[in-house]
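This is what each chain is made of:
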Amino acid sequence: MDLLLSVGRVLSSPKDDPILDCAILIRDKIITAIGPRSDVAALASPDAARLNYLSSTALPGLINAHVHLAFDAGPDPITTLASSDDDSLLTGMATRARYLLQAGVTTTRDLGDVGGLAARLRDEINAGRQHGPRILAATIPLTIPGGHCHFLGGEVDGENEIRAMVRRNASRGADLIKVMASGGQFTPTGPAMWESQFSAAELCAAVDEAHRLGLPVAAHAHGTDAIATAVAAGVDTIEHCTWLTEGFRSDPREDIATQIVARGIFVCIGLGPGWRAFAERLGPERAETMFNRLRWMRDQGIRLIIGTDAGLPGSAFNDFVSALELYEYVGFNRSQILEMATTGAANALGLSGRTGRLAIGYDADLIVVDGDPVAELNALRKLQMTVARGRTSFFNPNR
Ligand SMILES: [Zn+2]
């Protein structure tokens, strides 16, 4: 059935001028018309569902490019995960996927689960049996024995095992491959955050095998060495990109940044809604270093996308706006931030042409909010409805 959505203002993409007094016609999950209200209304079938949000703004659905649906965002997600069977875990993941919709997120990238469950949930959503955002699933992240997130089951030793695990993930239905190029905060028993986990040859093997299968590669890399190796290996996105060297010292390198830009690699720093508390824990000096790194990457021309690492302690699935506010705090303009979270992210994830903007032929992924998010990001908290590939969810903006 047709859905005719009339809105006061449409941002077809965050960098375009808004279109006023607009209507959007959705048919078979696709945007089939968008433009002046009366013109579009004339194209709708007589029995079309009609929704009016005449004082609201419609914009592309948001893209949270880094989540872990298998983690529950509680104080100890690993223990909770370990004590869950597949069925209860999948039920929890489905709930958390719906929380993403409550934050206006219509596309997400799951960067590490157990057993390929995020791919199973993706298939349930795609088949219409569950309601949730479009999921790109990395399934099980590759790590070294005892390395970062080893408890997810992705331990590999040497190039042969790396290639075999990439193929196994592909057969589990992975949309991309995640590789833990450095240690991580979440696994204190593994290598330090600034230490590399894989050799250059091993990362090249992972990328080669993944690309051979048509799968992009996301590399978790905090250390400058790991970033350099991942860039040289030809990964598609770098997660965190913290530019650390021994002792948590900051070591951003212009030559590597130049390569990131030249190779068209996107960076997702993955700081969640709790970034203010995190900055407080770091103390003023290290926090400022972190903020400056972000400004520096922007000034180097690195294309950033936004993910929250949702599922980790304190990183709730239903709050994306607080994470976007980090970029406003460090000086990005709001159109740019919204672009990073929609059109830019769609490009990074290989989805341009399908989502990330409101245009004829695109999937009907959009949100309707009270107010104007270009004037204040807080408008995104006044979410009225989310449309995820044509399927609607309604929210009380005064909740
Ligand atoms: Zn992560």
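On a predicted model such as this, the values are computed, not experimentally measured, just so you know.

A. View of the overall build of the chain. Each helix and strand counted, the chain has 13 helices and 16 strands in total. For a compact globule of 399 residues, the expected C-alpha radius of gyration is about 21 Å, and the chain comes in at 21 Å, within 12% of that figure. C-alpha atoms of the chain, sized along the principal axes, occupy 60 × 45 × 40 Å. Burial status across the chain gives 58% buried among its 399 residues. Measuring between centres, the 37 positive side-chain charges of the chain sit 4 Å from its 46 negative side-chain charges.

B. Expanded view of the nonpolar core. One finds Ile 238, Ile 260 and Leu 380 to be the most contacted residues of the largest nonpolar core, which totals 97 residues. Here this core spans two domains, since at least three of its residues come from each of domain 1 (3–60 + 356–394) and domain 2 (62–348). Contacts of Ile 238, omitting those with residues within four sequence positions, involve Ala 219, Ala 221, Ile 227, Val 231, Ile 260, Ile 265, Phe 266, Val 267 and Cys 268. Listed in part, the 16 residues of the second largest apolar core include Leu 3, Cys 22, Ile 24 and Val 387.

C. How the structure looks around the pairing of strand S16 (residues 391–394). When strand S15 (residues 383–388) meets S16, the two strands line up antiparallel, connected through four bridges. Residue pairing across strands places Met 385 opposite Phe 394, the latter belonging to S16. Between S15 and S16, which follow one another and run antiparallel, lie two residues, and Arg 389 among them has a positive phi close to 45 degrees.

D. The arrangement of the domain arrangement of the chain in detail. In terms of domain boundaries, the chain breaks down into domain 1 (3–60 + 356–394) and domain 2 (62–348). Taken over C-alpha atoms, the centre of domain 1 sits 30 Å from the centre of domain 2. Each partner contributes to the interface: domain 1 provides 26 residues, whereas domain 2 provides 29 residues. Here domain 1 packs against domain 2, burying approximately 2200 Å² in sum over the two surfaces, 59% of which is carbon and sulfur. Taken together, domain 1 and domain 2 are joined by three salt bridges.

E. The arrangement of the pattern of salt bridges in detail. The tally for this structure, following the rule as stated, stands at 21 salt bridges. Where Glu 239 meets Arg 109, a salt bridge forms, and the shortest distance between an N and an O atom there is 2.8 Å. Within this pair, whereas Glu 239 is found in strand S10 (residues 237–245), its partner Arg 109 is found in strand S6 (residues 105–110), the two being separated by 130 residues in sequence. Of the two residues, Glu 239 and Arg 109, neither departs from the other in class, the shared state being buried. Residue Arg 253 pairs with Asp 255 through a salt bridge whose shortest N-O separation is 2.9 Å. Connected through shared salt-bridge partners, Arg 163, Arg 167, Asp 208, Glu 209 and Arg 212 make up one network.

Conventions adopted
- Residues numbered from 1 in each chain as written.
- Predicted model: local features only at pLDDT ≥ 70, side-chain atom pairs only at ≥ 80, totals over all residues.
- Heavy atoms only, no water.
- Helix = DSSP H or I, 4+ residues; strand = E, 2+ residues; numbered from the N terminus.
- Rg over C-alpha atoms; globule rule 2.2 N^0.38 Å.
- Buried < 20%, exposed > 50% of the residue type's maximum accessible area, 1.4 Å probe, protein only.
- Lys, Arg positive; Asp, Glu negative; His and termini not counted.
- Charge placed at Lys NZ, Arg CZ, Asp CG, Glu CD.
- Core = buried A, V, L, I, M, F, W, Y, C linked by side-chain atoms within 4.5 Å.
- Domains from an automatic or database assignment.
- Contact = heavy atoms within 4.5 Å.
- Pairing = 2+ DSSP bridges.
- Buried area = accessible area lost by both parts, 1.4 Å probe.
- Salt bridge = Lys/Arg side-chain N within 4 Å of Asp/Glu carboxyl O.

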